[in-house]
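Chains, contacts and geometry: an overview
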There are 2 protein chains.
Amino acid sequence: MAETSGQKDVVTAAVLVIGDEILSGRTKDKNIGYIADHMTAIGIQLKEVRVVADDEDDIVAAINALRKRWDYLFTTGGIGPTHDDITADCVAKAMGVPIGHHPEAVAMLEENWKKRGVEATPARMRMARVPEGGMLIRNSVSVAPGFMIGNVITMAGIPSVMQVMLDDATQYLKTGKKMSSVTIDCGLPEGVVADMFGAHQKLFPDVPMGSYPIMRDNKPTTQLVLRSTDPARLAEAEAGLRAKLAGMT
Amino acid sequence: MAETSGQKDVVTAAVLVIGDEILSGRTKDKNIGYIADHMTAIGIQLKEVRVVADDEDDIVAAINALRKRWDYLFTTGGIGPTHDDITADCVAKAMGVPIGHHPEAVAMLEENWKKRGVEATPARMRMARVPEGGMLIRNSVSVAPGFMIGNVITMAGIPSVMQVMLDDATQYLKTGKKMSSVTIDCGLPEGVVADMFGAHQKLFPDVPMGSYPIMRDNKPTTQLVLRSTDPARLAEAEAGLRAKLAGMT
């Protein structure tokens, strides 16, 4: 759970993607990468992602596993008007609270429908259902809101809608120190730098280092990535690595 | 675990994506959607996906949770020569077996390195390490193999390499009945069809139905998707739905 007082250096999050259409391959997820970038930008560390089917037991189990372990849980998908949209009910069940129509959400939807001459059917009104105690997350694209309850933020699956909801939710999030990173494209194959790079990681155990081989101009090269929330420490690790690389070429 | 005899109607799988670079947003995953499509095409139902960091405890826990629940587990990422490539060790630990250099993998790599005039360093030789009892999965792109042990298939994270490994692994997989699907673009907003569609799902509880709102020519429409491994049953559900939709327009 997020701390209620004091500043934490590290704030963590998980994402739960809900939907048969992702697992069948019919829809290609575009939200995981977007949320990952956003978390890095605002100073939250994304630590785990899960994708589950439209199955109540699986969704509830995943919500509870992730919300209990990480500071925040963002869910995407399953908040529309149809029978397969069960995310709000699953969040309520996982949190052990009842669910009902949120008066503010009802008012927002009714106003929008009135303008557009759309009938307020029970199915449409499902989109105003929020677990008790939940706070609305605004949707400037298509009105029907998401919500935040405890450390769980529930958003739409459609990327354009998810993105505006994520922007709105951000004001409510505690953030930690921002993770900075340095990427060095070393011009050498991964197998050549591996021993040196592994030894360098041991010298800086607090600066996570990753190695990503790519092909450039038909020749193998490696991107060496260093990450830290401490810019001075990151600069020190970078300088040491550059010196070692200079000795290899 | 996969059955050792007899044909199952339903064969399930999970994917475990391993890597800090996906969670930081630095690399956008392209493997989940590809594997999802491939599973649907060959008659395996993808049921769950997880993304975890390069952390031994987290990887081992995810491997055990997923391999025990589903028929197959595919892992991507973390099998290169550098210190952050710990997937093979984690699979060995999860399965409770030792890990060592696989003679066939050593021979394949040495032959390739000899041709290219590349030195066989200990770091490079890490790529020949396979949990005891594992079978090699061929890599026609960059030689260093993946492996299959029990119901766990360990593949590279680079999409082009993952894809050839997935092709090679497919010959060893038991598959179930293929899932067929029908998509009807109904030309109506989701809120209009929701009640009818929910009632139709109740008539065909064995045919999972999903509803995906999209905008077309600036007007909202809904794609109604019906899925079944039984083509006759799928046709029956489709005909019933088309009749109901005809009555609405």
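A brief look at the structure comes next.

The next point concerns the overall build of chain A. Helix and strand content of chain A: 9 helices and 11 strands. On the principal axes, the C-alpha backbone points of chain A span a range of 70 × 45 × 35 Å. Here chain A, with 249 residues, has 47% of them falling under the buried criterion. Considering only contacts in chain A between residues 6 or more positions apart, those separated by 24 or more positions represent 68%.

It is a general feature of regular strands that their side chains alternate between the two faces of the sheet. Residue and element names in this part refer to chain A. Within strand S2 (residues 45-52), 8 of the 8 residues are buried, which leaves the element mostly enclosed by the surrounding structure. In terms of strand pairing, strand S1 (residues 12-18) meets S2 through 7 bridges, oriented parallel. Bridge pairing in S2 links alanine 13 to leucine 46.

Turning our attention to the sheet that holds strand S7 (residues 146-149) of chain A. One open sheet accounts for 12 strands, arranged S6(A)-S7(A)-S8(A)-S3(A)-S1(A)-S2(A)-S2(B)-S1(B)-S3(B)-S8(B)-S7(B)-S6(B); its pairing is mixed. Each having just a single partner strand, strand S6 (135-137) of chain A together with strand S6 (135-137) of chain B make up the two edges of the open sheet. Within this sheet the neighbouring strands show an average axis-to-axis angle of 20°, counted without direction. Here S1 of chain A pairs with strand S3 (residues 72-76) of chain A via 5 bridges, running parallel. Across the sheet, residue alanine 14 of chain A finds its bridge partner in S3 of chain A, namely leucine 73 of chain A.

On to the relation of the copies chain B and chain A. Rotating chain B by 180° and moving it 0.0 Å along the rotation axis overlays it on chain A with an RMSD of 0.0 Å. In short, the pair behaves as if placed about a two-fold rotation axis. Taking the C-alpha atom as reference, chain B places arginine 50 of chain B closest to the rotation axis, 2.2 Å from it. Comparing contact sets, 100% of the residues at the interface of chain B also lie at the interface in chain A, consistent with an isologous, same-surface contact.

Reading the values: rules and limits
Residues numbered from 1 in each chain as written. Chains lettered and ligands numbered in written order. Predicted model: local features only at pLDDT ≥ 70, side-chain atom pairs only at ≥ 80, totals over all residues. Helix = DSSP H or I, 4+ residues; strand = E, 2+ residues; numbered from the N terminus. Buried ≥ 20, exposed ≤ 12 C-beta atoms within 10 Å, placed from the backbone. Contact = placed C-beta atoms within 7 Å. Pairing = 2+ DSSP bridges. Axes fitted to C-alpha atoms, helices over the stretch in contact; angles between N-to-C directions. Least-squares fit on C-alpha atoms with pLDDT ≥ 70 in both.

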